[in-house]
Every structure is written in C-alpha cells, then in structure tokens.
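Examination of the molecular architecture
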Amino acid sequence: MITSVKGFNDILPDQALKYRKVEEEARAVLEAFGFSEIRLPIAERLELFQRGIGASTDIVEKEMYTFQDRKGTLLALRPEGTAPVVRAYIEHGLYHRDPVAKLYYMGPMFRYERPQKGRTRQFYQIGAEVLGVEDPRLDAEILDMVTLLFDRLGIEDVELFINSLGCEVCRPSYRQALLEYLKGKEEGLCRDCKRRLGTNPLRVLDCKVEGCREVTARAPEIMGFLCNPCREHFEEVKGHLALLGVPYGIDPRMVRGLDYYTKTAFEMICKRLGAQNAVAAGGRYDRLVKDLGGPDTPGFGFAIGVERTVLLLKDREEEILPEAYIISLGREASSESLRLLKELRMEGIRTELSYGERSLKAHMRRANKLGVAHVLIIGEEELKKGTVVLKDMEKGIQEEIRRDRVVSILKGRVEAVGV
Ligand code: ATP
Ligand code: MG
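Quick caveat: nothing in here was measured; it's all calculated off a predicted structure.

**Points about the site of ligand 1**
- The environment of ligand 1 is formed by 15 residues, the closest being Arg111, Glu113, Arg119, Arg256 and Arg308.
- With respect to ligand 1, the side chain of Arg111 contributes an N or O atom lying 2.7 Å from an oxygen atom.
- At 3.5 Å from an oxygen atom of ligand 1 is found a main-chain nitrogen or oxygen belonging to Val279.
- Its free accessible area being 580 Å², ligand 1 has 88% of it covered by the protein chains.
- The class makeup of the residues in the shell around ligand 1 is six nonpolar, four polar and five charged.

Here it is in structure tokens:
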C-alpha cells in the first residue's frame, strides 16, 4: 500500500466541511473589511524567504522544503504568505493603482517541523496584508476584525495578546540590553538558544524550553526601550482597541518567529489547544517592502492557522445530506429514474440514485443510512400508471403522486440549493 507522506494529511469530507466553514466565514469578514483575494504560487524562489523572513529564523534555518528544478533554480515550497504577497505587490507595481492595498489569501503552507497536535508539515493558513498604512488605527481595525472572525465562528475562548517589537532605531538598544542580561547565564540555555545568542537573541525569549524560560524570567522588557514614535504608536493602538471594545492583554515577551516585524505584534491564543496554542499571529512590518526591493511602504498582516481553528470549532453536524433518493425497480423504471434524477437536480434538489439491482428493502436501508427526507419509488406498476410513490421518511407517510407533479411537489417540500 502506498501511504501519504508524514505530516501531509488527507482532509476527509467531514473535516473538509469544517475547513470550508472557516474559509467561508473568513471570506465574508475579510471582504466586509475591504480585502480582495490574491492567489499566489505554492513555490517561490528560495531567496525570497531567505531575504524576507530572515536567514537566522527557525523557518529559514531548518523548516523549509527547498529543491532545485531541472534547470538548477533554487525553489522553496512557501512556508508563509507575507513574503509572497509583498513580492507580488512589488512585481506588479500594485502601489501605482492605489496607495493602500488590502489583500487576503488562503491556502497550504509547508514547514518541516515535528508533526503533533495542531502542527503538520502541510498546513493551511488564511492571511491578510495591508500595505501602505502607517496609522495605528489600522492596527486596531485589523485586530478587531480577527477578533470578530473568531466570534463569528463561535469560538469564544481565544485571547488576544499584543506587544511592540520596536523598530530599527530602538530595537538594537534592547538587543544589547538583553545580551548583557544573558551574559554569564549562557550555561542555562538550550543548544538552540546558545546559537540564537549570536544570531537572533530576541528569539531566546520565545523558547519553550523550561530552563530557558527560567533564565529569561527576569530579562528586561522591550517596552522600556521603545523610541518615542514606537511608544506613541503602541499607546495609540491600545487606545483604539479600547475604543472598539476589543479585549486584549499585553505579552512583553512575545517576539514572533519572523524577522520582518516592527512595532505592533500580536497572537491569538487558545488554552484548549495545549502546547501549540496560537491560532493566529501577525503584526506590523514597516521595512519588509523596502527590504524586498520595493518602495518604502509600511505593512500590517496576519495569518490564521486553519488546522488549529478547526480543532476549536464546536462539534456541529455540518453534513450536507441529500434531500431525495430515487429507487427504481426493474429495467425500464431504471431509465425513468435517471430522467427524474436530472429533473430534480436541475431544480436544485440534492438527489441521489439507488444503483444496482437490489431488493426494495436493501435500497431503503441505504436511503435510511444517507438520512434523506424523501424517497421516490418507481416500479413497473408506477411506470405503467405514470405515477411515483413518494415516501416521507420523517413522518413515515407514503403516497402515490403523478409523475408530472413530482418536481413541483418536492420543490414545495425541500429547500432548493440551486445548481
Ligand atoms: P507556532 O506557534 O506554531 O510556532 P508560528 O509563530 O511559527 O507558530 P506563524 O508563522 O505566525 O506561526 O503562523 C501563523 C499561524 O499559523 C500560527 O499561529 C498557527 O496557528 C499556524 N501554524 C504555523 N505553523 C503551523 C504548522 N506547522 N501546522 C499547523 N499550523 C501552523
Ligand atoms: Mg513555528
């Protein structure tokens, strides 16, 4: 037997319905907030992520699926969506069309991580990016939108945490202070963090290893190091969140795993998820567009993890059931049933057919299993008389109706979906 690849999961129909629900709600909310969809390729040049996300991030150092195509070009399966959106924004000169671009995407991302609950190697994200707005009202607007989306999905126990990561003016002084604090404490850090000291010391704050958490428990907080513009920006975001009635907490240790963030960073956390508890994350990235060769343009974006969101959905019966089921008995009736099937479907009535020559009892068993509300039976007798037997499965009532009235009678009883 050929099996699927580790960390690359099948999403079977009952799960797929949940994914679709999340995607549909997200589309509705994003479009109400003025976002347009952009569809991007699955593979990009490796360089885009190395430069965009940062060479010393976990994603670029050890999580990417990279390969050479037949011409030797180095490619990567996209591990995230922000760098590709920014690449497309620059490549197509979208800033010429409108000084503000609001784009959203949904689709699979790929990271070579250890698969576990809420963590797969192919996973789905729904993300959105706003390019061209520095105004802190935007940060609050987007955080309000993400909060609203989880509300609409009926997920009430997600919590929003924010932090500021400063900018290229103030972050270096914080980095320095953090390094000084960590001096002499290196022994208590895990191997990864020892390495991070030389490359990306802020990431030490984000480490989940208990020893590292102890070492950094009293580390200085970035808040005390923010420059005036960053501090003001953060104060304004907090004020606007209060005005919009968006509940939030401040997590002064949150640093995010991607290098491009500046100023506001955020995470949406749900305790029910266990160790991998972030369902959505994002923030401001005021240098990324320029770093990738575009005009100096501020950005703000986020991504929602669809797997983890699906784990949080309440178990509701989301099945799409057929409404009618046609049973034919005998050869001639079987042709008639195909004709009736088409007529009903053209009217938007979800209809299934009984296949194969089986007994009425066997056909009824399948109809029951499918959970259909109406069964239509055509036998030799009915065919001759020009009638059909209609059985209402809920009420247990059976009646004989005229063949030419079947469609209109059923239309009156079911909610048509349209084809
Ligand atoms: P994590 O907390 O899992 O390390 P991250 O900081 O790497 O997340 P981002 O790159 O910000 O995550 O991605 C945004 C969201 O995408 C995460 O909050 C999470 O819900 C989801 N996500 C990230 N990696 C995975 C994965 N390997 N499998 C499933 N979902 C993921
Ligand atoms: Mg990660």
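Having put the structure on the table, let's press on.
**Regarding the nonpolar core**
- Within the largest apolar cluster, 43 residues are counted, with the highest numbers of intra-cluster contacts made by Leu30, Phe35, Ile142, Phe150, Phe266, Met268 and Phe302.
- Residue contributions to this core peak at eight residues, all from helix α5 (residues 136-152).
- Excluding its chain neighbours within four sequence positions, the residues that come into contact with Ile142 are Phe35, Val130, Phe300 and Phe302.
- The next biggest cluster of nonpolar side chains, apart from the first, holds 34 residues, and it includes Leu40, Leu103, Leu288 and Leu292.

**Some points on the pattern of salt bridges**
- Evaluation of the coordinates by the stated rule reveals 36 salt bridges.
- With a closest N to O distance of 2.7 Å, Arg272 and Asp157 form a salt bridge. Linking Arg272 in the loop between β9 (262-269) and β10 (278-284) with Asp157 in the loop between α5 and β7 (159-164), this pair joins segments that are 115 residues apart in sequence.
- Relative accessible area serves as the criterion here: at 44%, Arg272 is assigned to the partly exposed category.
- The salt bridge partner of Glu168 is Arg287, with a shortest N-O separation of 3.3 Å. On the criterion of sequence distance, the pair formed by Glu168 in the loop between β7 and α6 (171-182) and Arg287 in the loop between β10 and α10 (288-291) is long-range, its members being 119 residues apart.
- On the accessibility criterion, Glu168 (47% relative accessible area) is partly exposed.
- With relative accessibility at 32%, the residue Arg287 sits in the partly exposed group.
- The structure contains a network of salt bridges with shared partners spanning Asp58, Arg196, Arg203 and Asp206.

**Brief notes about the side chain of Thr120**
- Structurally, the position occupied by Thr120 is in the loop between β5 (101-110) and β6 (122-131).
- A residue is classified by how much of its surface remains accessible, and Thr120, at 13% relative accessible area, is buried.
- A polar contact is formed between the side chain of Thr120 and the backbone oxygen of Gln122, at a distance of 2.8 Å.
- Look past the residues within four positions of Thr120 in its chain and what remains in contact with it is Gly7, Asn9, Arg111 and Glu307.

**Some points on the pairing of β10**
- For β10, the tally of buried residues reaches six of seven residues, placing the bulk of the element in the interior.
- Bridge analysis of β9 against β10 gives six bridges, and the strand direction is antiparallel. Bridging from a neighbouring strand, Ala265 pairs with Gly283 of β10.
- Bridge count between β10 and strand β11 (residues 299-305): five bridges; the pairing is antiparallel.

**A closer look at the sheet that holds strand β8 (residues 249-250)**
- Judged by pairing direction, the sheet is mixed, and its eight strands sit side by side in the order β1-β5-β6-β11-β10-β9-β7-β8 without closing on themselves. Looking at strand neighbours, the two that pair on one side only are β1 (36-37) and β8, the edges of this open sheet.
- With respect to the sheet, helix α4 (residues 82-91) is in contact with β5 and β6, its orientation differing from that of β6 by roughly 45°.
- On top of the sheet, α5 reaches β5, β6, β7, β9, β10 and β11; it is set at about 15° to β11, its chief contact.

Each value, and the rule that gives it
Residues numbered from 1 in each chain as written. Chains lettered and ligands numbered in written order. Predicted model: local features only at pLDDT ≥ 70, side-chain atom pairs only at ≥ 80, totals over all residues. Heavy atoms only, no water. Near = heavy atom within 4 Å. Polar contact = N/O pair within 3.5 Å; in protein donor to acceptor, adjacent residues only side chain to side chain. Areas by Shrake-Rupley, 256 points an atom, 1.4 Å probe, with all protein chains shown as cover. Nonpolar A, V, L, I, M, F, W, Y, C, P; charged D, E, K, R; others polar. Core = buried A, V, L, I, M, F, W, Y, C linked by side-chain atoms within 4.5 Å. Buried < 20%, exposed > 50% of the residue type's maximum accessible area, 1.4 Å probe, protein only. Helix = DSSP H or I, 4+ residues; strand = E, 2+ residues; numbered from the N terminus. Contact = heavy atoms within 4.5 Å. Salt bridge = Lys/Arg side-chain N within 4 Å of Asp/Glu carboxyl O. Pairing = 2+ DSSP bridges. Axes fitted to C-alpha atoms, helices over the stretch in contact; angles between N-to-C directions.

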